[in-house]
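# Topology and contacts: notes
This is what each chain is made of:
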Amino acid sequence: EVSPKLVLCLGKPVFDAFVDFKSTLRDVQGGFFYSKKYDCTVYPMDMLTTPYYKPEFIGRFLLDLKTATKHLNDIQGVGIAKVDTHYAVINTACGLASWVADMLSEKISLISVDCEWGGVNYMEGSLRSMQVCWKEGYAVYMQFRNQQGDWSFDCTLNDVVKILNPFFNDPTVKFIGHNITADFLWMEHHLKINTYQRCAFDTMFAEYLLDEYADIKLERLALKYTDLGRYDTDLFMAKKKLKIRRDEGYERIPDEVIVPYACKDVDVVMRSYPILLEKLQKQELDDYYFNISLPYVTDVFTTMSRIGLPV
């Protein structure tokens, strides 16, 4: 009767009544989904009783309300200004060399990095891509393998390593990431990149330090600090459709889904970094974070994982 533009589903049972697929609330919370049955957009949230009985989740509930409000503003033309995105795929030696030359000429010294892969671990699995963001809205997706698992570059992996080396192994270039230890293992093993003492910031552990009850998934940081929203919805649906197992990684995800998702991963980290840094400084947590927490969750975690202690 009302023909709503947006329905807030307070709780998993409500959301289930609107959509035709099964999921956990954690998988879909913060995402906008289309309900064929009612021809409207639905947004899954916590039940109203959750923030009442668990005050630590009030912040999450408020974030969801703000996200829903922003969505309504956007579709009515009164949303906040968006950052233009410039994402590109690189899978040729010429394209990679040109990009590295640009980074060196611009004297870029801080980059956001992330990897996508297939398989259980970096020793037995295959590296599908590495993506890099060097300023808000700008990212490249280095496509090593496609969704069939075939090698995509027009040169060998050794050639790729040689091209990347002048930039990625420059000790003045620092990395930021989200749970960056996982990516460091792949970068070291497959791309021969030295990562020791080169992490400048990890957004996951910064968010956790600021609020131990916060949802530290990168997609939630996107909702909180950027205009990119819950950008993994297409990925979630693709995983459902292809029945991707937990131990498969992202090897079989279609290129048209994984490329924009992966680029937004590194873009979110780059945009969140200055916001989180300012919050740490305001709460006077920066000294503890940079001198104790960050070295432990990067260099120590990476070393422990490499020698056989899963972290």
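Heads up: the structure comes first, above all this text.
So, how was this worked out
Residues numbered from 1 in each chain as written. Predicted model: local features only at pLDDT ≥ 70, side-chain atom pairs only at ≥ 80, totals over all residues. Heavy atoms only, no water. Phe/Tyr/Trp six-rings, centres within 6.5 Å; stacked < 30°, edge-to-face > 60°. Lys NZ or Arg CZ within 6 Å of the ring centre and 35° of its normal. Buried < 20%, exposed > 50% of the residue type's maximum accessible area, 1.4 Å probe, protein only. Helix = DSSP H or I, 4+ residues; strand = E, 2+ residues; numbered from the N terminus. Arc of directions from axis to C-beta. Contact = heavy atoms within 4.5 Å. 1 Å grid on protein atoms, 1.4 Å probe; cavity = no way out; pocket = protein on both sides within 12 Å on 5 of 7 lines; lining within 4 Å. Points joined across faces, edges and corners; volume = space filled by probe spheres on them. Nonpolar A, V, L, I, M, F, W, Y, C, P; charged D, E, K, R; others polar.

## A word on the packing of aromatic side chains
As enumerated under the stated definition, the model contains 27 aromatic pairs in all. Joined through ring pairs, the aromatic side chains of Trp 99, Trp 134, Tyr 138, Phe 167, Phe 168, Phe 175 and Phe 184 make up one cluster. Taking NZ or CZ as reference, Arg 60 lies 4.4 Å from the ring centre of Phe 57, over its face. A cation over an aromatic ring shows up here: Lys 135 above the ring of Tyr 138, its NZ or CZ 4.5 Å from the ring centre.

## With respect to helix 6 (residues 157-168)
Taken together, the buried positions of helix 6 are occupied by Val 160, Val 161, Leu 164, Phe 167 and Phe 168. Axial view of helix 6: buried residues confined to an arc of 115°, hence all on one face. Structural note: helix 6 exposes Asn 158 and Lys 162 on the side pointing more than 90 degrees away from its buried face. Contacts made by the buried residues of helix 6 are with helix 5 (93-105), strand 5 (110-118), strand 6 (126-135), strand 7 (138-143), strand 8 (174-177) and helix 7 (180-191).

## Considerations on the layout of surface pockets
For the largest pocket, the calculated volume is near 1700 Å³. Those elements that provide at least two residues to the lining of the largest pocket are helix 2 (25-28), strand 5, helix 7, helix 8 (203-210), helix 9 (218-225), helix 10 (233-242), helix 11 (255-282) and helix 12 (286-306). Looking at the lining of the largest pocket, its residues break down into 23 nonpolar, 10 polar and 14 charged.

Everything listed is a geometric property; what it means functionally is a separate question.
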